[in-house]
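Examination of the molecular architecture
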Amino acid sequence: MKLERIIVRHLDMNLKFPFTTSFGTQQRKELLLLEVVDENGLSGWGESVAMMVPWYNEETVKGNWHLLEDYIIPALTKQPLEHPDEVSQRLAFIRKNNMAKAAIEGAIWDLYAKRRGLSLARALGGNRTQIEVGVSIGIQPDVQSLLDTIESHLAEGYRRIKIKIMPGRDVDVIREVRRYFPDVPLMADANSAYRLEDANHLKQLDEFALMMIEQPLASDDIIDHAKLQAELHTPICLDESIHSVQDARHAIDLGSCKIINIKVGRVGGLTEAKKIHDLCAGEHIPVWCGGMLEAGVGRAHNVAVTTLSNFVLPGDTAASARYWDEDIIEPEVTVEDGVITVPDGPGIGYEVSREKVERYTLSSKVYRRLQ
Ligand code: OSB
Ligand code: MG
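Rules of the game
Residues numbered from 1 in each chain as written. Chains lettered and ligands numbered in written order. Predicted model: local features only at pLDDT ≥ 70, side-chain atom pairs only at ≥ 80, totals over all residues. Heavy atoms only, no water. Helix = DSSP H or I, 4+ residues; strand = E, 2+ residues; numbered from the N terminus. Rg over C-alpha atoms; globule rule 2.2 N^0.38 Å. Buried < 20%, exposed > 50% of the residue type's maximum accessible area, 1.4 Å probe, protein only. Contact = heavy atoms within 4.5 Å. Pairing = 2+ DSSP bridges. Axes fitted to C-alpha atoms, helices over the stretch in contact; angles between N-to-C directions.

The next thing to look at is the overall build of the chain. Helix and strand counts for the chain come out as 13 helices and 15 strands. Taken over the C-alpha trace, the chain has a radius of gyration of 20 Å; the compact-globule value for 371 residues is 21 Å, and the two agree within 12%. Expressed as lengths along the three principal axes of its C-alpha atoms, the size of the chain is roughly 65 × 40 × 35 Å. Looking at the 371 residues of the chain, the share that counts as buried comes to 61%.

Set out below in structure tokens:
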């Protein structure tokens with residue numbers, strides 16, 4: 001596989017709703033869309049999930065572009081690639097910057113699958129034809145709007161509800177949610193809003209039979225999470241803290257979590273995501289696929305990875321129409337009765353609409369292979 005051309009596009013899209021977490025509110029979504037073109041003119045697509053502001057991790061949209069232009073693209077166009085697994089090896093000299101690496105690795109995986117006439121799900125070794133999904137609901141202005149939002153998503157068929165929590169918007173809110181929805185599969189995501197000193201406060205959550213609490217403590221911590229897990233009945237799920245299969249092993253060994261949220265961008269790509277998946281399968285740690293408010297290309301990658309067998313809990317991959325008036329892929333990702341039917345066409349299995357991409361593109365740049 002020779003990468004003849006790589007096109008980086010900077011898109012600006014409008015979310016249908018303001019999304020509020022313990023770190024802030026976002027209404028617009030800027031993202032980098034990556035297209036890699038091989039010697040036969042075939043294209044593979046990837047999406048960077050870095051945010052505009054380094055709230056979730058240290059990466060940003062602009063920072064990703066710098067890494068891609070100055071280090072990542074030159075390293076990958078130097079010599080042909082046989083397999084997408086080589087991408088992470090070739091980029092190992094770059095510390096972290098996992099979302100920038102994952103964006104182009106995803107495009108190369110898509111291209112690789114298309115060259116073989118395989119769906120990306122199959123190329124990864126996945127075998128599900130349908131995946132179960134839930135929805136992640138941001139912090140709402142008041143409890144009534146939260147209850148209304150939950151009700152409408154349940155009516156749409158979503159299989160589990162995740163709500164964002166933060167100090168002052170936690171135990172009382174979840175008590176109200178449980179009063180109205182006593183049996184709904186429910187979980188809470190704190191995005192690192194608490195400290196170990198809050199353990200007694202967080203123990204109050206044990207009475208609500210939550211499926212899990214996601215990333216209660218610091219975004220780089222696995223030590224205090226182990227101490228907290230020893231005090232809580234509610235399973236802890238790690239999101240922000242897991243950047244690699246090594247991190248996953250450490251967290252499992254320490255007892256820092258009972259569940260892992262796999263985000264392809266956070267761990268540097270599909271190859272590493274698969275390694276974490278396989279490790280967790282062997283350790284009887286269930287995994288699920290997180291979300292970063294992806295546009296269609298990133299969403300399609302999430303659908304494909306979720307077909308691996310140890311993705312046993314519903315993920316955050318909601319329908320395109322939940323986020324966007326108009327997504328950039330055709331057809332859009334749709335959810336029926338809480339389930340997405342995995343496309344079986346080559347690669348990601350959704351067509352990228354160049355016309356729609358054009359509409360959201362702020363700027364773009366073409367990089368050519370050095371002869
Ligand atoms: O912590 O899972 C998170 C969105 C942006 C950054 C971090 C997170 C999220 C979500 C949204 O929870 C999931 C989605 O609907 O894409
Ligand atoms: Mg999270």
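As a further point, take the side chain of Q229. Locating Q229 in the fold gives a position in helix α8 (residues 223-231). Apart from the residues within four sequence positions on either side, Q229 is in contact with T234, P235, I236, G255, S256, C257 and K258.

Our next topic: the sheet that holds strand β6 (residues 161-164). Taken in spatial order, the seven strands line up as β5-β6-β7-β8-β9-β10-β11 in an open sheet, and their pairing is parallel. Edge positions in the open sheet fall to β5 (135-137) and β11 (287-289), since each of these has one partner strand only. Of the strand pairs in this sheet, strand β8 (residues 213-214) and strand β9 (residues 236-238) are connected by two bridges, and their pairing is parallel. For I213, the partnering residue across the bridge sits in β9 and is I236. The sheet strands contacting helix α10 (residues 270-282) are β10 (259-262) and β11, and the helix crosses β10 at an angle near 165 degrees.

All we've got here are geometric facts, nothing functional implied.
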